[in-house]
Amino acid sequence: MIEKSIPFHRPSIGVAEEEEVLAVLRSGWLTTGPKTKQFEDEFREAVGAKFALAVSSGTAGLHLALEATGVGPGDKVITTPYTFTATAEVIRYLGADPVFVDIDPETLNIRPDLIVEAMESVDGVKAILPVHFAGKVCPMDQILATASNYGCAVIEDAAHAFPAKLNGKAVGSIGDMTVFSFYVTKPLATGEGGMITTDDAAFAERIKVMRLHGIDRDAYNRRINGNDSHWYYEVVAPGFKYNLTDLASAVGIHQLRKAEMMRDRRQVIAEKYNEAFRSLPVKLPSGMGGDDTHAWHLYVIRLQLDKLSIGRDEFITEMGRRGIGTSVHFIPLHLHPYWREKYQLVADDFPAAHSAYQGAVSLPIFPSMTDAEVSAVIDEVNSIISRNQIR
Ligand SMILES: *Cc1c(COP(=O)(O)O)cnc(C)c1O
């Protein structure tokens, strides 16, 4: 057995992040403050949006974005089952119900024609919540057209999609609101954290109030003009505690500066994998065409199980035995007890999501992977498949 260990993911934290965090620690201002303001300003510039609101997680961001659109009890939100549970759980936080529609078997993104079908058959849809799976951008033109026909909002779950572009336009400046995650494994990592971008001043205002206890800062601003009332504030709603710390923002500022470089490296790795696996019995991830930019947050192969004598789970175990970390994105929501039982979901409702899951394996793809590590992953995938291929 070869002596090696390649983790599924390793964050790219450098000296710049370390020094900025140390400076924040020494400043004495640990929570939301000047660094978070700077991170928001620079992030807003990076995606070309009017507003960027930093929050404590991607999940918090999705919750706040939906709340700002006014989604409430009994309303419906259309989304994909091929995602992390956070995408759908925030709909339940507000007492609304998700309407799950299947994915495209090539891109693994929500199918716009099925969104239209759902719009026609379900009443009370207030929002569409597409997920840019693995960093590949959804067909937003069609989704936005549907949203405008039926008068509902589009909130993009861009947890995987930074930086990414569609027709040259950055994700973050496309839908009504876009939510990013800075969880440790995500393309821009601060440990925990998230960002909401929007061009809509009313949404931004509501999110600002709700992310910090429903406190209206403008009341403070109104009073402070002329008065020394720095202590004054007004609570206008039962808000949440979803602010981002300056410690996290200190990391985020430097992650942002190298985000394009990190994406470029992930794309190089994806291209090496594509080239190496072309003739294997695996389905490769769909790339991007023309003016589009894939974030390559994940590299998901799908084993063609009818051509192999082992299953996906054994493949993963064997990769682990050879020292290579892998993962599965995702166990679709219709297979989790809560979602399955609550909405009586069955596999036949989501044939594409179900079959994608059965063969899916996410391989390591992170910027600090060396060429030798990439080659080692390729060699082990080749070796396991060639030993177990049915000829
Ligand atoms: C990670 C993730 C989230 C949640 O982000 P957190 O920052 O961990 O709360 C939401 N949606 C998708 C698709 C994710 O992968």
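Scroll up to find the structure this text is about.
For the structure given in this document, a descriptive report is provided here. (Residues numbered from 1 in each chain as written. Predicted model: local features only at pLDDT ≥ 70, side-chain atom pairs only at ≥ 80, totals over all residues. Heavy atoms only, no water.)

**A word on the overall build of the chain**
Right, so step 1: When its secondary structure is counted, the chain shows 14 helices and 14 strands.
Right, so step 2: Compactness check: the chain gives a C-alpha radius of gyration of 22 Å against a globular reference of 21 Å for 391 residues, within 12% of the reference.
Right, so step 3: Its C-alpha atoms give the chain principal-axis dimensions of about 80 × 55 × 40 Å.
Right, so step 4: Counting every position in the chain, which comprises 391 residues, the buried fraction comes to 54%.
Right, so step 5: Taking all contacts inside the chain whose residues are at least 6 apart in sequence as the whole, residues at least 24 apart take part in 72%.
Right, so step 6: Accessible surface for the chain amounts to roughly 16700 Å². Of this, 51% is attributable to carbon and sulfur atoms. (Helix = DSSP H or I, 4+ residues; strand = E, 2+ residues; numbered from the N terminus. Rg over C-alpha atoms; globule rule 2.2 N^0.38 Å. Buried < 20%, exposed > 50% of the residue type's maximum accessible area, 1.4 Å probe, protein only. Contact = heavy atoms within 4.5 Å. Areas by Shrake-Rupley, 256 points an atom, 1.4 Å probe, with all protein chains shown as cover.)

**Focus: empty space enclosed by the protein**
Right, so step 1: According to the stated counting rule, one finds three cavities of 30 Å³ or more in the structure shown.
Right, so step 2: Size it by volume and the largest cavity reaches roughly 110 Å³.
Right, so step 3: Looking at the largest cavity, it is lined by 16 residues, and the ones nearest its centre are His9, Lys186, Pro187, Arg266 and Pro367.
Right, so step 4: Tallied by class, residues from the lining of the largest cavity come to eight nonpolar, five polar and three charged.
Right, so step 5: Its boundaries defined by the atoms lining it, the second largest cavity holds a volume of some 90 Å³.
Right, so step 6: In terms of lining, the second largest cavity is formed by Glu106, Thr107, Leu108, Phe133, Ala134, Lys136, Leu284, Pro285, Ser286, His294, Val300 and Arg302. (1 Å grid on protein atoms, 1.4 Å probe; cavity = no way out; pocket = protein on both sides within 12 Å on 5 of 7 lines; lining within 4 Å. Points joined across faces, edges and corners; volume = space filled by probe spheres on them. Nonpolar A, V, L, I, M, F, W, Y, C, P; charged D, E, K, R; others polar.)

**Overview of the pattern of salt bridges**
Two side chains that carry opposite charge are able to pair once their charged atoms sit near each other.
Right, so step 1: As enumerated under the stated definition, the model contains 21 salt bridges in all.
Right, so step 2: Here Asp97 makes a salt bridge to Arg92, at a shortest N to O gap of 3.3 Å.
Right, so step 3: What makes Asp97 buried here is its relative accessible area of 18%.
Right, so step 4: Judged by its relative accessible area of 23%, Arg92 falls in the partly exposed class.
Right, so step 5: Taken together, the shared-partner salt bridges connect Glu318, Arg321, Arg322 and Glu380 into one network. (Salt bridge = Lys/Arg side-chain N within 4 Å of Asp/Glu carboxyl O.)

**Quick look at the site of the ligand**
Right, so step 1: Within the structure, the ligand sits among 14 residues, and Gly58, Thr59, Asp157, Ser181 and Lys186 are positioned closest to it.
Right, so step 2: One of the backbone N or O atoms of Gly58 is found 2.7 Å from an oxygen atom in the ligand.
Right, so step 3: Lys186 places a side-chain nitrogen or oxygen 3.0 Å from an oxygen atom of the ligand.
Right, so step 4: Relative to its free-state accessible area of 380 Å², the ligand is covered by the protein chains to the extent of 92%.
Right, so step 5: A breakdown of the residues in the shell around the ligand according to their chemical character gives four nonpolar, eight polar and two charged. (Near = heavy atom within 4 Å. Polar contact = N/O pair within 3.5 Å; in protein donor to acceptor, adjacent residues only side chain to side chain.)

**Brief notes about the packing of helix α10 (residues 259–277) against helix α14 (residues 371–388)**
Right, so step 1: Packing of α10 against α14 leaves a shortest axis separation of 11 Å and a crossing angle of 30°. As judged from the angle between their axes, α10 and α14 are roughly parallel. The hand of the α10/α14 crossing is right-handed. The residues of α14 that touch α10, namely those facing Arg265, Ile269, Lys272, Tyr273, Ala276 and Phe277, are Asp371, Val374, Val377, Ile378, Val381 and Asn382. (Axes fitted to C-alpha atoms, helices over the stretch in contact; angles between N-to-C directions. Parallel < 35°, antiparallel > 145°, perpendicular 65-115°, else oblique. Left-handed = near helix turned anticlockwise from the far one by under 90°.)

**Describing the sheet that holds strand β13 (residues 299–303)**
Right, so step 1: In spatial order, the strands read β12-β13-β14; together these three strands make up an open sheet with antiparallel pairing. In this open sheet, the two strands that pair with only one neighbour each are β12 (282–283) and β14 (360–363).
Right, so step 2: Pairing of β12 with β13, which is carried by two bridges, proceeds in the antiparallel orientation. Bridge pairing in β13 places Val282 opposite Leu303. (Pairing = 2+ DSSP bridges.)

**Section: the pairing of strand β4 (residues 125–129)**
Right, so step 1: Of all five residues that make up β4, four are buried, and the element is covered over most of its length.
Right, so step 2: Inspection of the sheet shows strand β2 (residues 76–79) paired to β4 by four bridges, in the parallel sense. Bridged to Val77 within β4 is Ala127.
Right, so step 3: In this sheet, strand β5 (residues 153–157) lies alongside β4 in parallel orientation, the contact comprising two bridges.

**A short note on the pairing of β13**
Right, so step 1: β13 sits mainly inside the fold: five of its five residues count as buried.
Right, so step 2: Two elements, β13 and β14, share four bridges in a ladder whose sense is antiparallel. Following the sheet pairing, Tyr299 is matched in β14 by Leu363.

**Observations regarding unusual backbone geometry**
Leaving glycine out, the prevailing phi sign among residues is negative, and the prevailing peptide bond configuration is trans.
Right, so step 1: Pro163 follows Phe162 through a cis peptide bond whose omega is -10°.
Right, so step 2: Along the polypeptide, Pro163 turns up in the loop between β5 and β6 (165–166).
Right, so step 3: In this structure, the amide linkage connecting His329 to the following residue, Phe330, adopts the cis form with an omega of -5°.
Right, so step 4: Positive phi, normally seen in glycine, also occurs at Ala134, with a value near 65°.
Right, so step 5: Topologically, Ala134 is positioned in the loop between β4 and α6 (140–150).
Right, so step 6: The class for Ala134 is buried, based on a relative accessible area of 6%.
Right, so step 7: For His213, which is not glycine, the phi torsion reads 65° and is therefore positive.
Right, so step 8: Looking at the element boundaries, His213 is found in the loop between α7 (201–210) and β10 (215–216).

**Re the packing of aromatic side chains**
Right, so step 1: The tally for this structure, following the rule as stated, stands at 17 aromatic pairs.
Right, so step 2: A centroid spacing of 6.2 Å and a plane angle of 80° characterise the contact between Phe39 and Phe43, whose relative ring orientation is edge-to-face. Taken together, the residues span about one helical turn, with Phe39 and Phe43 both in helix α2 (residues 34–47) at a distance of four residues. With respect to burial, Phe39 and Phe43 carry one shared label: buried. (Phe/Tyr/Trp six-rings, centres within 6.5 Å; stacked < 30°, edge-to-face > 60°.)

By themselves, these are just geometric observations and shouldn't be taken as functional.
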